[in-house]
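The primary structure of each chain is shown beneath.
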Amino acid sequence: MEGMTWKEKLFGSSKNYFKRNAGILIGLVALCVIISLQSPNFLRQDNIMNVLRQISSNMYLACGMTMILIAGGIDLSVGSIVAITGVTAGTLLNMGLPIPAAIVICLLAGAVYGSINGVIITRTTLPPFIVTYAMMQILRGATYVYTGGTTVRIDDRTFTNLGTGYVQGIVPLPVVYMLVVFVIVFIVLNKTRLGRHIYAVGGNEKAARFSGINVRRTRMFVYVFSGVMGALAGLVLCARSYSGNPLAGDGAEMDAIAACVLGGASMAGGYGFVGGTLIGALIIGLLNNGLNLMRIDSYWQIILKGVVILAAVYVDYVKNLKKNKAK
């Protein structure tokens, strides 16, 4: 890369990006064409911005999940972190706490939830699936116990504007946050030593340990980051809905995993790209939006989403099978 101009670096990486994601990009374009033919409202600017706003919360979670999958783990607790964060934010604001303080406390709480996952996973041999599933149940149950199953209303207009506001009256604020998170994760995974360590740990943990990589610290980081992303999603969602809802984020972990796998991340670890995750999140968001515009029954929408996720996992399975045979 030394001696290359910035244009060569930019277009070279862009070429690799399109080459690596050719299949899913074709699927994305095909989906857009099909929906636009069925609904003339699909390509309207307000609808496109609405789709981007809807996928933003999933993208926060998927960015954290991408790191975890690359590192060879999984996190099922993020949906519950979304719910408990929204309720916590509503409670703190209703107590009169300043907005910046409430936001910081919620983000720190997300980091704590993630660190609990990380400590248990890195200090024991318990499977990440079981640990994070248990945390999912604990946090969801705690949210129900505290609220009694009712929502916590948020009337602070300054706070709710963080989820409902726009930049220049065009771009929703949640989309701006999404782009910032995307850039941060892209830089961490592609431009830092930590990113190389994450790939190494997921690719071959034993080899990573022998090469001097602190496996525990690396795994700890990805779970803490995932917890923070869950808290961010919870803050934005409760700001958008003017309330902290104990039902918020129900099943969100599955959409995040689906976005990652659709984007090419391997469930076996060691492989994945946040650029692909963005495309995966777009496909899920466009699918939901398109099915609504075409007035397809919500029950059928659940089935179709399940088929798409199954297809993505199967493609990942075939990819790993070919990789193992090549070895």
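As a reminder, the structure under discussion sits directly above these lines.
Residues numbered from 1 in each chain as written. Predicted model: local features only at pLDDT ≥ 70, side-chain atom pairs only at ≥ 80, totals over all residues. Heavy atoms only, no water.

Q: Would you take a moment to explain the packing of aromatic side chains for this structure?
A: Geometrically, a pair of aromatic rings is defined through the distance of the ring centres and the angle of the planes. Here the structure, examined in full by the defined rule, presents four aromatic pairs. For the pair Phe182 and Phe186, a centre-to-centre distance of 6.5 Å together with 20° between the ring planes defines the contact as stacked. Here the residue Phe182 and the residue Phe186 both occupy positions in helix α8 (residues 173-191), the gap between them amounting to four residues, near one helical turn. Note on Tyr271 and Phe273: the rings are 5.0 Å apart at their centroids and 90° apart in plane angle, and the pair reads as edge-to-face. Put simply, the rings of Tyr199, Tyr271 and Phe273 pair up and form one aromatic cluster. (Phe/Tyr/Trp six-rings, centres within 6.5 Å; stacked < 30°, edge-to-face > 60°. Helix = DSSP H or I, 4+ residues; strand = E, 2+ residues; numbered from the N terminus.)

Q: Which parts of the structure should I look at to understand a nonpolar patch on the surface?
A: A cluster of nonpolar residues, Val112, Ile116, Ile120 and Leu126, forms a patch on the protein surface that exposes about 300 Å² of accessible area. For Ile120, the location among the structural elements is in helix α5 (residues 99-123). (Patch = residues over 30% accessible without salt bridge, like charges linked within 9 Å, V, L, I, M, F, W, Y side chains within 5 Å. Areas by Shrake-Rupley, 256 points an atom, 1.4 Å probe, with all protein chains shown as cover. Salt bridge = Lys/Arg side-chain N within 4 Å of Asp/Glu carboxyl O.)

Q: Explain the side chain of Ser80 here, please?
A: With respect to the secondary-structure elements, Ser80 resides in helix α4 (residues 78-94). One polar contact links the side chain of Ser80 to the main-chain carbonyl oxygen of Met136, over a distance of 2.7 Å. Among residues more than four places away in sequence, those in contact with Ser80 are Met136, Leu139 and Arg140. (Polar contact = N/O pair within 3.5 Å; in protein donor to acceptor, adjacent residues only side chain to side chain. Contact = heavy atoms within 4.5 Å.)

Q: What's the story with the side chain of Thr132 in this structure? I'm lost.
A: For Thr132, the location among the structural elements is in helix α6 (residues 128-147). Within the structure, Thr132 has its side chain in polar contact with the backbone nitrogen of Leu76 (distance 3.1 Å). Contacts of Thr132, omitting those with residues within four sequence positions, involve Ile74, Asp75, Leu76, Ser77, Asn117, Ile121 and Tyr223.

Q: Got a minute to help me understand empty space enclosed by the protein in this structure?
A: This structure, assessed with the given rule, holds one cavity of 30 Å³ or more. Roughly 40 Å³ of volume is contained in the largest cavity. If you go around the largest cavity, the residues you meet are Ala258, Leu262, Ile284, Leu287, Lys305, Val308 and Ile309. Residue contributions to the lining of the largest cavity peak at three residues, all from helix α14 (residues 298-326). Looking at the lining of the largest cavity residue by residue, the class counts come to six nonpolar, no polar and one charged. (1 Å grid on protein atoms, 1.4 Å probe; cavity = no way out; pocket = protein on both sides within 12 Å on 5 of 7 lines; lining within 4 Å. Points joined across faces, edges and corners; volume = space filled by probe spheres on them. Nonpolar A, V, L, I, M, F, W, Y, C, P; charged D, E, K, R; others polar.)

Q: I keep staring at the nonpolar core and nothing clicks. Help me out?
A: One recurring pattern in soluble globular proteins is that nonpolar side chains are buried together. Core analysis: the biggest nonpolar cluster contains 62 residues, and Tyr60, Met67, Val185 and Leu189 have the highest contact counts within it. Residue contributions to this core peak at twelve residues, all from helix α3 (residues 45-70). Apart from the residues lying within four places of it in its own chain, the contact partners of Tyr60 are Pro174, Tyr177, Met178, Val181, Met229, Leu232, Ala233 and Val236. By size, the runner-up hydrophobic cluster in this structure holds eleven residues, among which are Leu92, Ile99, Cys106 and Cys238. (Core = buried A, V, L, I, M, F, W, Y, C linked by side-chain atoms within 4.5 Å. Buried < 20%, exposed > 50% of the residue type's maximum accessible area, 1.4 Å probe, protein only.)

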